[in-house]
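Below are the chains, spelled out letter by letter.
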Amino acid sequence: MAFILFDGASPRAYPRAMTDLDTFIVGLPKAELHLHIEGSLEPELMFALARRNGVAIPYGSVDEVRRAYAFGNLQDFLDIYYAGAAVLRTAADFQDLATAYFDRAAADGVVHAEIMFDPQTHTARGVPIGEVVDGLLAGMTVAEARHGLTSGLILSFLRHLSEGEAFATLAEAEPWLDRIVAVGLDSSELGHPPEKFARVFAAAAAKGLRCVAHAGEEGPPAYVWEALDLLHVDRLDHGNRALEDDALVDRLRDSAMTLTVCPLSNVKLCVVPEIAAHPIDRMLELGLKVTINSDDPAYFGGYVADNYRAVAGGRGLDKAQLATLARNSFTGSFLLAEAVAAHLARLDSFVAAN
Ligand code: ADE
Ligand code: ZN
(Lines give C-alpha, C1' and ligand atoms only; values in the text may rest on other atoms or scores of the structure.)
(Ligands and ions follow the chains in the order given, each with its own letter.)
Protein backbone atom coordinates (compact mmCIF):
# COMPACT_ATOMS: atom_id res chain seq x y z
CA MET A 1 0.00 0.00 0.00
CA ALA A 2 1.53 3.30 -1.06
CA PHE A 3 1.89 6.17 1.37
CA ILE A 4 0.06 9.03 -0.29
CA LEU A 5 1.91 12.27 0.30
CA PHE A 6 -0.27 14.60 -1.70
CA ASP A 7 -3.96 14.23 -2.02
CA GLY A 8 -6.21 16.68 -3.78
CA ALA A 9 -5.46 19.68 -5.93
CA SER A 10 -1.97 21.08 -6.28
CA PRO A 11 -1.01 23.93 -3.95
CA ARG A 12 -1.31 26.34 -6.87
CA ALA A 13 -4.97 25.48 -7.46
CA TYR A 14 -6.14 28.30 -5.20
CA PRO A 15 -9.71 29.51 -5.39
CA ARG A 16 -10.23 32.26 -7.94
CA ALA A 17 -13.14 34.24 -9.26
CA MET A 18 -14.67 32.26 -12.11
CA THR A 19 -15.81 34.09 -15.22
CA ASP A 20 -18.45 32.57 -17.51
CA LEU A 21 -15.71 31.47 -19.94
CA ASP A 22 -13.70 29.97 -17.07
CA THR A 23 -16.69 27.99 -15.92
CA PHE A 24 -17.21 26.79 -19.49
CA ILE A 25 -13.54 25.78 -19.87
CA VAL A 26 -13.39 23.87 -16.61
CA GLY A 27 -16.78 22.21 -17.12
CA LEU A 28 -16.05 21.16 -20.70
CA PRO A 29 -15.42 17.39 -20.64
CA LYS A 30 -11.99 16.84 -22.17
CA ALA A 31 -9.17 14.35 -22.66
CA GLU A 32 -5.52 15.14 -22.14
CA LEU A 33 -3.34 13.44 -24.75
CA HIS A 34 0.08 15.03 -24.23
CA LEU A 35 1.31 14.89 -20.66
CA HIS A 36 4.69 13.70 -19.38
CA ILE A 37 4.00 12.35 -15.91
CA GLU A 38 7.53 13.29 -14.81
CA GLY A 39 6.67 16.82 -15.92
CA SER A 40 3.83 16.97 -13.40
CA LEU A 41 6.27 16.75 -10.47
CA GLU A 42 5.48 19.88 -8.46
CA PRO A 43 8.34 21.32 -6.36
CA GLU A 44 6.47 20.53 -3.12
CA LEU A 45 6.32 16.84 -4.02
CA MET A 46 9.92 16.97 -5.27
CA PHE A 47 11.03 18.10 -1.80
CA ALA A 48 8.83 15.56 -0.01
CA LEU A 49 10.16 12.67 -2.13
CA ALA A 50 13.76 13.90 -1.77
CA ARG A 51 13.30 13.72 2.02
CA ARG A 52 11.54 10.36 1.89
CA ASN A 53 14.27 8.81 -0.26
CA GLY A 54 17.29 10.66 1.15
CA VAL A 55 18.08 12.19 -2.25
CA ALA A 56 19.95 15.51 -2.35
CA ILE A 57 18.48 18.20 -4.61
CA PRO A 58 20.33 21.36 -5.61
CA TYR A 59 17.64 23.77 -4.31
CA GLY A 60 17.02 25.27 -0.88
CA SER A 61 13.32 26.03 -1.25
CA VAL A 62 10.25 25.61 -3.41
CA ASP A 63 10.59 29.25 -4.52
CA GLU A 64 14.18 28.65 -5.57
CA VAL A 65 13.03 25.68 -7.67
CA ARG A 66 10.36 27.77 -9.39
CA ARG A 67 12.87 30.57 -10.04
CA ALA A 68 15.07 28.03 -11.87
CA TYR A 69 12.25 27.38 -14.37
CA ALA A 70 13.30 29.94 -16.98
CA PHE A 71 14.23 28.22 -20.20
CA GLY A 72 15.75 29.49 -23.44
CA ASN A 73 15.00 26.30 -25.36
CA LEU A 74 13.96 22.64 -25.02
CA GLN A 75 17.40 21.46 -23.84
CA ASP A 76 17.52 24.02 -20.99
CA PHE A 77 14.27 22.56 -19.73
CA LEU A 78 15.24 18.91 -20.24
CA ASP A 79 18.41 19.34 -18.14
CA ILE A 80 16.33 20.50 -15.15
CA TYR A 81 13.50 18.03 -15.79
CA TYR A 82 15.81 14.98 -15.78
CA ALA A 83 17.56 16.24 -12.62
CA GLY A 84 14.18 16.66 -10.86
CA ALA A 85 13.12 13.11 -11.78
CA ALA A 86 16.00 11.76 -9.64
CA VAL A 87 13.79 11.93 -6.52
CA LEU A 88 11.48 9.24 -7.97
CA ARG A 89 12.63 5.85 -6.73
CA THR A 90 9.85 3.48 -5.70
CA ALA A 91 6.44 2.37 -6.93
CA ALA A 92 4.93 4.47 -4.09
CA ASP A 93 6.68 7.56 -5.49
CA PHE A 94 5.26 6.96 -8.97
CA GLN A 95 1.81 6.30 -7.52
CA ASP A 96 1.94 9.57 -5.54
CA LEU A 97 3.09 11.44 -8.64
CA ALA A 98 0.30 10.00 -10.79
CA THR A 99 -2.36 10.53 -8.11
CA ALA A 100 -1.40 14.19 -7.71
CA TYR A 101 -1.66 14.69 -11.49
CA PHE A 102 -5.00 12.90 -11.84
CA ASP A 103 -6.55 14.80 -8.91
CA ARG A 104 -5.45 18.07 -10.51
CA ALA A 105 -6.59 17.01 -13.99
CA ALA A 106 -10.01 15.91 -12.72
CA ALA A 107 -10.46 19.40 -11.22
CA ASP A 108 -9.90 20.75 -14.76
CA GLY A 109 -12.63 18.61 -16.33
CA VAL A 110 -10.30 15.92 -17.67
CA VAL A 111 -12.24 12.66 -17.93
CA HIS A 112 -9.60 10.67 -19.83
CA ALA A 113 -5.81 11.03 -20.02
CA GLU A 114 -3.15 9.25 -22.06
CA ILE A 115 0.05 9.90 -20.13
CA MET A 116 3.65 9.47 -21.26
CA PHE A 117 6.43 8.15 -19.07
CA ASP A 118 10.17 7.93 -19.78
CA PRO A 119 11.38 4.54 -18.47
CA GLN A 120 14.99 5.19 -19.49
CA THR A 121 15.19 8.23 -17.19
CA HIS A 122 14.63 5.85 -14.29
CA THR A 123 16.26 2.57 -15.37
CA ALA A 124 19.49 4.50 -16.05
CA ARG A 125 19.52 5.32 -12.30
CA GLY A 126 18.97 1.68 -11.32
CA VAL A 127 15.20 1.97 -10.75
CA PRO A 128 13.57 -1.20 -12.11
CA ILE A 129 10.99 -0.57 -14.82
CA GLY A 130 8.46 -2.55 -12.75
CA GLU A 131 8.61 0.05 -9.93
CA VAL A 132 7.76 2.74 -12.47
CA VAL A 133 4.95 0.95 -14.30
CA ASP A 134 3.37 -0.70 -11.25
CA GLY A 135 3.31 2.64 -9.41
CA LEU A 136 1.74 4.47 -12.35
CA LEU A 137 -0.83 1.71 -12.88
CA ALA A 138 -1.77 1.91 -9.18
CA GLY A 139 -2.28 5.69 -9.53
CA MET A 140 -4.42 5.10 -12.61
CA THR A 141 -6.62 2.67 -10.68
CA VAL A 142 -7.09 5.22 -7.88
CA ALA A 143 -8.03 7.92 -10.42
CA GLU A 144 -10.72 5.76 -11.97
CA ALA A 145 -12.18 4.83 -8.57
CA ARG A 146 -11.97 8.38 -7.20
CA HIS A 147 -12.96 10.47 -10.22
CA GLY A 148 -14.17 8.06 -12.91
CA LEU A 149 -11.15 9.34 -14.87
CA THR A 150 -9.88 6.68 -17.30
CA SER A 151 -6.32 6.64 -18.57
CA GLY A 152 -3.74 4.95 -20.75
CA LEU A 153 0.06 4.69 -20.54
CA ILE A 154 2.44 5.70 -23.32
CA LEU A 155 5.99 4.38 -23.07
CA SER A 156 8.26 7.08 -24.51
CA PHE A 157 11.73 6.41 -25.84
CA LEU A 158 14.38 9.08 -25.24
CA ARG A 159 15.55 10.10 -28.69
CA HIS A 160 18.98 11.33 -27.52
CA LEU A 161 19.74 7.68 -26.68
CA SER A 162 20.41 4.97 -29.25
CA GLU A 163 18.11 2.72 -31.23
CA GLY A 164 19.65 -0.27 -29.38
CA GLU A 165 18.72 1.28 -26.01
CA ALA A 166 15.16 1.81 -27.24
CA PHE A 167 14.94 -1.86 -28.28
CA ALA A 168 16.28 -2.90 -24.84
CA THR A 169 13.62 -0.75 -23.15
CA LEU A 170 10.85 -2.30 -25.25
CA ALA A 171 12.12 -5.76 -24.25
CA GLU A 172 12.24 -4.80 -20.54
CA ALA A 173 8.64 -3.56 -20.76
CA GLU A 174 7.41 -6.85 -22.30
CA PRO A 175 5.62 -8.11 -19.12
CA TRP A 176 3.55 -4.90 -18.99
CA LEU A 177 2.82 -4.39 -22.69
CA ASP A 178 -0.82 -5.40 -22.31
CA ARG A 179 -1.22 -2.42 -19.93
CA ILE A 180 0.52 0.04 -22.27
CA VAL A 181 -1.43 1.66 -25.10
CA ALA A 182 1.33 3.21 -27.22
CA VAL A 183 4.98 4.03 -27.63
CA GLY A 184 6.18 7.61 -27.96
CA LEU A 185 9.34 9.54 -28.77
CA ASP A 186 10.54 12.54 -26.77
CA SER A 187 13.59 14.43 -25.42
CA SER A 188 16.09 16.47 -27.50
CA GLU A 189 14.60 16.75 -30.99
CA LEU A 190 17.29 18.55 -33.01
CA GLY A 191 19.87 16.09 -34.33
CA HIS A 192 17.71 13.08 -33.45
CA PRO A 193 15.30 12.61 -36.37
CA PRO A 194 12.43 10.10 -36.20
CA GLU A 195 14.20 7.97 -38.82
CA LYS A 196 16.62 6.80 -36.09
CA PHE A 197 13.71 4.92 -34.44
CA ALA A 198 11.87 3.51 -37.49
CA ARG A 199 12.73 -0.10 -36.68
CA VAL A 200 11.84 0.03 -33.00
CA PHE A 201 8.52 1.71 -33.82
CA ALA A 202 7.81 -1.06 -36.37
CA ALA A 203 8.58 -3.66 -33.69
CA ALA A 204 6.25 -1.91 -31.22
CA ALA A 205 3.46 -1.69 -33.82
CA ALA A 206 3.90 -5.42 -34.55
CA LYS A 207 3.21 -6.03 -30.84
CA GLY A 208 -0.09 -4.17 -31.16
CA LEU A 209 1.02 -0.84 -29.69
CA ARG A 210 -0.11 2.49 -31.12
CA CYS A 211 2.56 5.04 -32.07
CA VAL A 212 2.99 8.74 -31.25
CA ALA A 213 6.06 10.96 -31.58
CA HIS A 214 7.14 14.49 -30.79
CA ALA A 215 7.96 16.21 -34.08
CA GLY A 216 8.07 19.79 -35.26
CA GLU A 217 8.44 21.26 -31.76
CA GLU A 218 11.97 22.53 -32.49
CA GLY A 219 12.69 20.19 -35.40
CA PRO A 220 12.02 21.09 -39.05
CA PRO A 221 9.05 19.98 -41.17
CA ALA A 222 11.23 17.11 -42.50
CA TYR A 223 11.01 15.51 -39.05
CA VAL A 224 7.21 15.64 -39.21
CA TRP A 225 7.27 13.96 -42.65
CA GLU A 226 9.50 11.24 -41.16
CA ALA A 227 7.19 10.74 -38.18
CA LEU A 228 4.34 10.17 -40.65
CA ASP A 229 6.14 8.13 -43.30
CA LEU A 230 8.76 6.22 -41.30
CA LEU A 231 7.24 5.90 -37.81
CA HIS A 232 3.64 5.68 -39.12
CA VAL A 233 2.40 7.63 -36.11
CA ASP A 234 -1.24 7.50 -35.09
CA ARG A 235 -0.90 10.93 -33.47
CA LEU A 236 1.63 13.73 -33.63
CA ASP A 237 2.93 15.53 -30.53
CA HIS A 238 3.31 19.30 -31.08
CA GLY A 239 3.73 19.65 -34.88
CA ASN A 240 4.01 23.45 -34.74
CA ARG A 241 6.68 23.70 -37.44
CA ALA A 242 4.49 21.76 -39.90
CA LEU A 243 2.94 25.16 -40.61
CA GLU A 244 6.12 26.08 -42.55
CA ASP A 245 5.28 23.50 -45.25
CA ASP A 246 1.97 23.83 -47.16
CA ALA A 247 2.14 20.29 -48.57
CA LEU A 248 2.63 18.94 -45.06
CA VAL A 249 -0.36 20.91 -43.78
CA ASP A 250 -2.44 19.37 -46.61
CA ARG A 251 -1.22 15.91 -45.65
CA LEU A 252 -2.05 16.40 -41.96
CA ARG A 253 -5.48 17.85 -42.73
CA ASP A 254 -6.41 15.25 -45.36
CA SER A 255 -5.38 12.38 -43.10
CA ALA A 256 -7.17 13.95 -40.10
CA MET A 257 -3.99 13.53 -38.06
CA THR A 258 -4.42 14.61 -34.44
CA LEU A 259 -1.89 17.20 -33.26
CA THR A 260 -1.35 17.50 -29.51
CA VAL A 261 -0.56 21.19 -29.15
CA CYS A 262 0.77 22.58 -25.84
CA PRO A 263 0.41 26.40 -25.78
CA LEU A 264 2.00 27.26 -22.41
CA SER A 265 4.86 24.84 -23.14
CA ASN A 266 5.38 26.55 -26.49
CA VAL A 267 5.77 29.91 -24.74
CA LYS A 268 8.04 28.60 -21.95
CA LEU A 269 10.32 26.80 -24.43
CA CYS A 270 10.39 29.77 -26.82
CA VAL A 271 8.68 27.87 -29.67
CA VAL A 272 6.46 30.96 -29.88
CA PRO A 273 7.45 34.38 -28.48
CA GLU A 274 4.23 34.91 -26.50
CA ILE A 275 0.75 33.45 -26.22
CA ALA A 276 -0.67 36.29 -28.31
CA ALA A 277 1.44 34.95 -31.22
CA HIS A 278 0.34 31.33 -30.86
CA PRO A 279 -0.93 29.81 -34.14
CA ILE A 280 -3.73 27.74 -32.56
CA ASP A 281 -6.52 29.62 -34.35
CA ARG A 282 -4.60 29.44 -37.64
CA MET A 283 -4.28 25.67 -37.16
CA LEU A 284 -8.05 25.43 -36.64
CA GLU A 285 -8.72 27.60 -39.70
CA LEU A 286 -6.44 25.37 -41.78
CA GLY A 287 -8.63 22.42 -40.82
CA LEU A 288 -6.01 20.71 -38.67
CA LYS A 289 -7.29 18.39 -35.95
CA VAL A 290 -5.66 20.13 -33.00
CA THR A 291 -6.02 19.46 -29.29
CA ILE A 292 -4.92 21.40 -26.20
CA ASN A 293 -2.60 19.84 -23.63
CA SER A 294 -0.26 20.77 -20.79
CA ASP A 295 2.95 18.80 -21.66
CA ASP A 296 4.86 19.36 -18.37
CA PRO A 297 2.45 21.39 -16.23
CA ALA A 298 4.66 21.66 -13.13
CA TYR A 299 7.36 23.34 -15.22
CA PHE A 300 5.32 25.40 -17.67
CA GLY A 301 2.94 27.23 -15.34
CA GLY A 302 -0.35 25.50 -15.90
CA TYR A 303 -2.52 22.43 -16.23
CA VAL A 304 -4.86 21.74 -19.10
CA ALA A 305 -7.57 24.26 -18.21
CA ASP A 306 -4.86 26.94 -17.88
CA ASN A 307 -3.85 26.10 -21.46
CA TYR A 308 -7.45 26.46 -22.69
CA ARG A 309 -7.69 29.78 -20.78
CA ALA A 310 -4.41 30.95 -22.31
CA VAL A 311 -5.59 30.44 -25.91
CA ALA A 312 -9.04 31.83 -25.12
CA GLY A 313 -7.45 34.99 -23.69
CA GLY A 314 -4.40 35.24 -25.94
CA ARG A 315 -6.06 34.39 -29.26
CA GLY A 316 -9.69 35.19 -28.53
CA LEU A 317 -11.01 31.67 -29.07
CA ASP A 318 -14.75 31.44 -28.51
CA LYS A 319 -16.81 28.68 -26.90
CA ALA A 320 -17.42 26.92 -30.22
CA GLN A 321 -13.69 26.77 -30.96
CA LEU A 322 -12.91 25.58 -27.43
CA ALA A 323 -15.55 22.87 -27.80
CA THR A 324 -13.96 21.77 -31.11
CA LEU A 325 -10.61 21.41 -29.34
CA ALA A 326 -12.21 19.27 -26.63
CA ARG A 327 -14.11 17.22 -29.23
CA ASN A 328 -10.82 16.55 -31.04
CA SER A 329 -9.30 15.32 -27.77
CA PHE A 330 -11.79 12.44 -27.70
CA THR A 331 -11.73 11.57 -31.40
CA GLY A 332 -7.91 11.73 -31.28
CA SER A 333 -7.67 9.46 -28.23
CA PHE A 334 -7.02 5.73 -28.27
CA LEU A 335 -10.35 4.99 -26.60
CA LEU A 336 -12.72 2.49 -28.21
CA ALA A 337 -15.37 3.97 -30.51
CA GLU A 338 -18.21 3.41 -28.02
CA ALA A 339 -16.35 5.30 -25.28
CA VAL A 340 -15.56 8.15 -27.69
CA ALA A 341 -19.23 8.36 -28.68
CA ALA A 342 -20.31 8.46 -25.02
CA HIS A 343 -17.83 11.27 -24.23
CA LEU A 344 -18.94 13.24 -27.31
CA ALA A 345 -22.59 12.92 -26.30
CA ARG A 346 -21.80 14.32 -22.83
CA LEU A 347 -19.71 17.10 -24.37
CA ASP A 348 -22.53 18.04 -26.77
CA SER A 349 -25.09 18.23 -23.96
CA PHE A 350 -22.70 20.35 -21.87
CA VAL A 351 -22.19 22.75 -24.81
CA ALA A 352 -25.93 22.92 -25.53
CA ALA A 353 -26.58 23.85 -21.87
CA ASN A 354 -23.76 26.42 -21.65
N1 ADE B 1 10.01 15.57 -22.51
C2 ADE B 1 9.21 16.21 -21.65
N3 ADE B 1 8.68 17.29 -22.23
C4 ADE B 1 9.14 17.34 -23.50
C5 ADE B 1 8.94 18.20 -24.59
N6 ADE B 1 8.15 19.28 -24.53
N7 ADE B 1 9.61 17.94 -25.74
C8 ADE B 1 10.41 16.88 -25.82
N9 ADE B 1 10.63 16.02 -24.82
C10 ADE B 1 9.99 16.25 -23.66
ZN1 ZN C 1 5.96 16.66 -24.72
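Residues numbered from 1 in each chain as written. Chains lettered and ligands numbered in written order. Predicted model: local features only at pLDDT ≥ 70, side-chain atom pairs only at ≥ 80, totals over all residues. Heavy atoms only, no water.

A.B. asks: Help me get a handle on unusual backbone geometry, residues and values and all.
C.D. replies: A positive phi angle, near 85 degrees, is found at S187, a position not held by glycine. Along the chain, the position of S187 falls in the loop between β4 (182-186) and α9 (198-206). (Helix = DSSP H or I, 4+ residues; strand = E, 2+ residues; numbered from the N terminus.)

A.B. asks: Go over the site of ligand 1, please, and point to the residues and values.
C.D. replies: Lining the immediate environment of ligand 1, one finds H36, L74, F77, L78, Y81, D186, S187, H214, E217, H238, D295 and D296. Between ligand 1 and H36 there is a distance of 3.3 Å, counted from a nitrogen atom to a side-chain nitrogen or oxygen. Within the contact set of ligand 1, a nitrogen atom lies 2.8 Å away from a backbone nitrogen or oxygen of S187. For ligand 1, the cavity whose grid points lie within 2 Å of the majority of its atoms is the largest cavity. If one sorts the elements of the shell around ligand 1 by residue count, helix α4 (residues 74-84) sits on top with 4 residues. Class assignment for the residues of the shell around ligand 1 results in 4 nonpolar, 4 polar and 4 charged. (Near = heavy atom within 4 Å. Polar contact = N/O pair within 3.5 Å; in protein donor to acceptor, adjacent residues only side chain to side chain. 1 Å grid on protein atoms, 1.4 Å probe; cavity = no way out; pocket = protein on both sides within 12 Å on 5 of 7 lines; lining within 4 Å. Sits in = over half its atoms within 2 Å of the grid points. Nonpolar A, V, L, I, M, F, W, Y, C, P; charged D, E, K, R; others polar.)

A.B. asks: Account for the pairing of strand β5 (residues 210-215), with residues named and values stated.
C.D. replies: The buried count for β5 comes to 5 of 6 residues, which makes it a mostly enclosed element. Pairing analysis gives 2 bridges linking β4 to β5, with the strands arranged parallel. Paired with V183 across the bridge in β5 is C211. What joins β4 to β5 is α9, and the crossover it makes is right-handed. Bridging between β5 and strand β6 (residues 235-238) involves 4 bridges; their strand directions are parallel. Its bridge partner being in β6, H214 is matched across the sheet by D237. The parallel pair β5 and β6 is bridged by helix α10 (residues 221-229), and the resulting crossover is right-handed. (Buried < 20%, exposed > 50% of the residue type's maximum accessible area, 1.4 Å probe, protein only. Pairing = 2+ DSSP bridges. Right-handed = clockwise from strand over helix to strand, strands pointing away.)

A.B. asks: Run through the packing of α10 against helix α11 (residues 246-254), naming residues and quoting values.
C.D. replies: Running from amino to carboxyl end, α10 crosses α11 at an angle of 30 degrees, the nearest separation of the two axes being 10 Å. When the interaxial angle is binned, α10 and α11 end up roughly parallel. For the pair α10 and α11, the crossing hand works out as left-handed. Residue-level inspection shows P221, V224, W225, L228 and D229 of α10 in contact with α11, the latter providing A247, L248, R251 and L252. In the contact of α10 with α11, the residues fall into 7 nonpolar, no polar and 2 charged. (Axes fitted to C-alpha atoms, helices over the stretch in contact; angles between N-to-C directions. Parallel < 35°, antiparallel > 145°, perpendicular 65-115°, else oblique. Left-handed = near helix turned anticlockwise from the far one by under 90°. Contact = heavy atoms within 4.5 Å.)

A.B. asks: Could you give an account of the coordination of the zinc ion (ligand 2), naming the residues involved and the relevant values?
C.D. replies: Bound to the zinc ion (ligand 2) on the protein side are H34 (NE2), H36 (NE2), H214 (NE2) and D295 (OD), at distances that span 2.0 to 2.3 Å. Bound by 4 donor atoms, the zinc ion (ligand 2) shows angles of 84 to 174 degrees at the metal and therefore irregular coordination geometry. (Donors = N, O, S within 2.8 Å, 3.2 Å for Na, K, Ca; no water. Tetrahedral: all angles 85-135°; square planar, octahedral: opposite > 155°, others 65-115°.)

A.B. asks: Before we move on, could you go through the confidence of the model for the chain and cite the residues and values that matter?
C.D. replies: Looking at the chain as a whole, the pLDDT averages 95, with 95% of positions reaching at least 70. Contacts of residues 1-15 to residues separated by more than four positions or lying in other chains number 28 contacts, the stretch itself having pLDDT below 50. (pLDDT = per-residue confidence, 0-100.)

A.B. asks: Before we move on, could you go through the sheet that holds strand β8 (residues 289-292) and cite the residues and values that matter?
C.D. replies: Pairing within the open sheet is parallel, and its 8 strands lie in the order β1-β2-β3-β4-β5-β6-β7-β8. Strands at the two margins of the open sheet, each flanked by one partner only, are β1 (30-32) and β8. Averaged over all pairs of adjacent strands, the angle between their axes in this sheet comes to 25 degrees, without regard to strand direction.

A.B. asks: Let's hear about the side chain of D96: which residues, and what values?
C.D. replies: Within the fold, D96 resides in helix α5 (residues 91-107). On the accessibility criterion, D96 (0% relative accessible area) is buried. Among the polar contacts listed, one links the side chain of D96 to the side chain of R52, at a separation of 2.9 Å.

A.B. asks: Could you give me a rundown of the nonpolar core, with the residues and numbers involved?
C.D. replies: Ranked by internal contacts, the top residues of the largest apolar core, which has 108 residues, are Y299 and L322. Leaving out residues up to four positions away in the same chain, Y299 has contacts with E38, G39, L41, M46, Y69, F71, F77, I80, Y81, G84 and K268. M116, I154, A182 and V212 belong to the second largest nonpolar core, which has 5 residues in total. (Core = buried A, V, L, I, M, F, W, Y, C linked by side-chain atoms within 4.5 Å.)

A.B. asks: Explain the environment of A91 to me, using residue names and the numbers behind them.
C.D. replies: For A91, the position within the fold is in helix α5. When its relative accessible area of 22% is taken as the criterion, A91 is described as partly exposed. Each C-alpha atom, one on A91 and one on G60, is 26 Å from the other, the two residues being 31 residues apart in sequence. The contact partners of A91, leaving out residues within four places of it in the chain, are E131 and G135.

A.B. asks: So what about the pattern of salt bridges? Which residues, and what values?
C.D. replies: Should their charged atoms come close, side chains of opposite charge can pair. Counted under the stated rule, the structure contains 20 salt bridges. Between D229 and R251 there is a salt bridge, with the nearest N and O atoms lying 2.8 Å from each other. On the criterion of sequence distance, the pair formed by D229 in helix α10 and R251 in helix α11 is long-range, its members being 22 residues apart. For D229, a relative accessible area of 34% gives the class partly exposed. Measuring nitrogen to oxygen at the nearest pair gives 2.7 Å for the salt bridge that ties R241 to E244. (Salt bridge = Lys/Arg side-chain N within 4 Å of Asp/Glu carboxyl O.)

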